[in-house]
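Structure assessment
Chain by chain, the residues run as shown.
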Amino acid sequence: MKWAGAFFIILASFLIGWRKSKTYSDRVKHIRQFESALLTMETAIVFGADSIETTARFIAGTSEKPASLFFHDFAEKLPSSETSADYIWTSTLQQHKNRFAFKPGDIRLLEQAGHMLGACTQEAEERRLKHVTAQLERRREEALTEEQRLAGVVRAVSVLSGLLTAILLM
Amino acid sequence: MPYEAILPYLPETIVQAVTPILKKDTHIEEIRLRTGQPVELSGAEQYFLPVVFTEKERLAFVHKLTKHSFYRLEEQLKKGYITIEGGHRIGLAGQAVLKKGLIHSMTNLSFFNIRVAKEKKGIARHLLPVLYEKGWESTLLIGPPRSGKTTLLRDIARMAASGQTELGIPASKTSIVDERSEIAGCLNGVPQLDIGTRADVLDACPKSEGMMMMIRSMSPDVLIADEIGRAEDAYAMSEALNAGITVIASVHAHSYEEAIRRLVIREIKESGMFKRYIEIKPNHEYIVRDQHGKTLKAALAWP
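Residues numbered from 1 in each chain as written. Chains lettered and ligands numbered in written order. Predicted model: local features only at pLDDT ≥ 70, side-chain atom pairs only at ≥ 80, totals over all residues.

1. Thoughts on the overall build of chain B
- The helix and strand tally for chain B stands at nine helices and 14 strands.
- The 303 residues of chain B split such that 42% are buried.
- Contacts in chain B between residues at least 24 apart in sequence constitute 59% of all its contacts with a sequence separation of at least 6. (Helix = DSSP H or I, 4+ residues; strand = E, 2+ residues; numbered from the N terminus. Buried ≥ 20, exposed ≤ 12 C-beta atoms within 10 Å, placed from the backbone. Contact = placed C-beta atoms within 7 Å.)

2. Brief notes about helix H5 (residues 104–114) of chain A
Residues and elements named next belong to chain A.
- For H5, every residue scored as buried is listed here: Asp-106, Leu-110, Ala-113 and Gly-114. The buried residues of H5 occupy an angular sector of 95 degrees when the element is viewed end-on, so they sit on one face. Residues Pro-104, Gly-105 and Arg-108 are exposed on H5 and point more than 90 degrees away from its buried face.
- Of the residues flanking the end of H5, it is Met-116, one or two places downstream, whose phi is positive at about 65 degrees. (Arc of directions from axis to C-beta.)

3. Observations concerning the domain arrangement of chain B
All names here are of chain B.
- Domain boundaries in chain B define domain 1 (2–115) and domain 2 (125–301).
- Here the C-alpha centroids of domain 1 and domain 2 sit 28 Å apart.
- Listed as interface residues are six residues of domain 1 and, on the opposing side, eight residues of domain 2. (Domains from an automatic or database assignment.)

4. A few points about the interface of chain B and chain A
- Residue-level contacts link ten residues of chain B with 15 residues of chain A.
- Its residues placed into classes, the side of chain B that touches chain A shows three nonpolar, four polar and three charged. (Nonpolar A, V, L, I, M, F, W, Y, C, P; charged D, E, K, R; others polar.)

5. Considerations on the environment of His-252 of chain B
- Following the sequence through the fold, His-252 of chain B ends up in strand E11 (residues 246–252).
- Between the C-alpha atom of His-252 of chain B and that of Glu-74 of chain B, which follows or precedes it by 178 residues, the distance is 25 Å.

6. Here's the deal with the nonpolar core
- In terms of nonpolar packing, the biggest core is built from 52 residues, with Ile-142 and Ala-157 of chain B touching the most fellow members.
- Considering every element that reaches this core, the biggest residue donor is helix H5 (residues 149–162) of chain B, with seven residues.
- With near-sequence residues (within four places) excluded, Ile-142 of chain B lies in contact with Val-251, Ala-253, Tyr-256, Ala-259, Tyr-277, Ile-278, Glu-279 and Ile-280 of chain B.
- One finds Ile-59, Ala-75, Ile-88 and Leu-117 of chain A within the second-largest nonpolar core, a separate group that totals 29 residues. (Core = buried A, V, L, I, M, F, W, Y, C linked by C-beta atoms within 7 Å.)

7. Brief notes about the packing of helix H2 (residues 52–62) of chain A against helix H3 (residues 67–80) of chain A
All names here are of chain A.
- Packing of H2 against H3 brings their axes to within 8 Å, and their N-to-C directions diverge by 155 degrees. Taken together, the axes of H2 and H3 lie roughly antiparallel to each other. As H2 runs across H3, the sense of the crossing is left-handed. Contacts between H2 and H3 involve Ile-52, Glu-53, Ala-56, Arg-57, Ile-59 and Ala-60 from the former and Ser-68, Phe-71, His-72, Phe-74, Ala-75, Leu-78 and Pro-79 from the latter.
- When the residues that make up the contact of H2 with H3 are grouped by side-chain class, the tally is nine nonpolar, two polar and two charged. (Axes fitted to C-alpha atoms, helices over the stretch in contact; angles between N-to-C directions. Parallel < 35°, antiparallel > 145°, perpendicular 65-115°, else oblique. Left-handed = near helix turned anticlockwise from the far one by under 90°.)

Below, the structure written as structure tokens:
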């Protein structure tokens, strides 16, 4: 019985550690998804001259979850809404933020990507998206470093703390 | 109904106010929206509705009009109008944005003139004896704004592209250079109006370049273009005519005399490029002239 309890404590600690360390790798993955999405958006705006809705639907269809869910929801809201794309982008982002492993700073940066979206010239849209993509790239590099530095440590500490708790309770 | 494509763009209060009038009066040609002012409808009669186009409605209207993608309409904004589904044209006024002294774009759009596109099939039929003899005759339609030039041109294009088998007129390869998207009313490249079975459309392309492109790529029998007037247009048309293509075009003027006062049109006339000139009056009457400007038929109202 004691051994079973110890096993469950260690397993729970391992899962907590694994989950925590996953947020580091997820953040990198999610930033990469948005980088790629914004790049697609920039290309569509500059070269294809597609509408924001068409572009968002294309991104929703070609990217992975959870970014695809965000872009799908954003595209769905656009035609029926009488408010600006900027407002819809921000409100959709707020609704979906819990699906992402983003830090508050990442969310603020993505809100910048939606600022004046669809309300300015091609040139201005391109400049803004380029600026946000460059910042996202920097954040992805930081997130990658953080993942390499901390993910393993968090997993090890979790398992060790589980072991220690089990030993103390036995 | 021709106006149905316009309604989704309008605010609900305005839809409720304009729909009964649009149903009752089929001659309505324009719906005018001015921020903070009552909505105006005009055609044979004028109506000022007791609904005001508010600032909130203006913003919603602009979002719908641009599909939240202002950047896609830069070229149209420079020209001052946008064409929507069904070929309806929305004239815009607001604040011009200048760059190096030239109009770069427009912002704070506050005044809108929605011109209801009318598709009147068969209105060119009674002109067939002058438009088609052994083949289609190169023709220039002359008329002031709202006289129905584009509507007539569209019907001629439709008849040329579909043919009139009962009259022994075969369907011809018809190329339409639709710079303002008014003839075919293309949406995403697909015509919204009936332009016939053998028609090819080059949408939103400058006329002169478009005509040259169509001549090279689509080998048309008949080339259709709206509102010509620049020297480049005349050059492109002469290229078409020298290649054995019939050109049917329109020009903006109140009369034949006014049209040929313009240097480009005078030169076109002197070169004998067009075999027919059809002068359209605001009351939809027309005068047909031959290539020398001699009246063939006068003051016939269209059916």
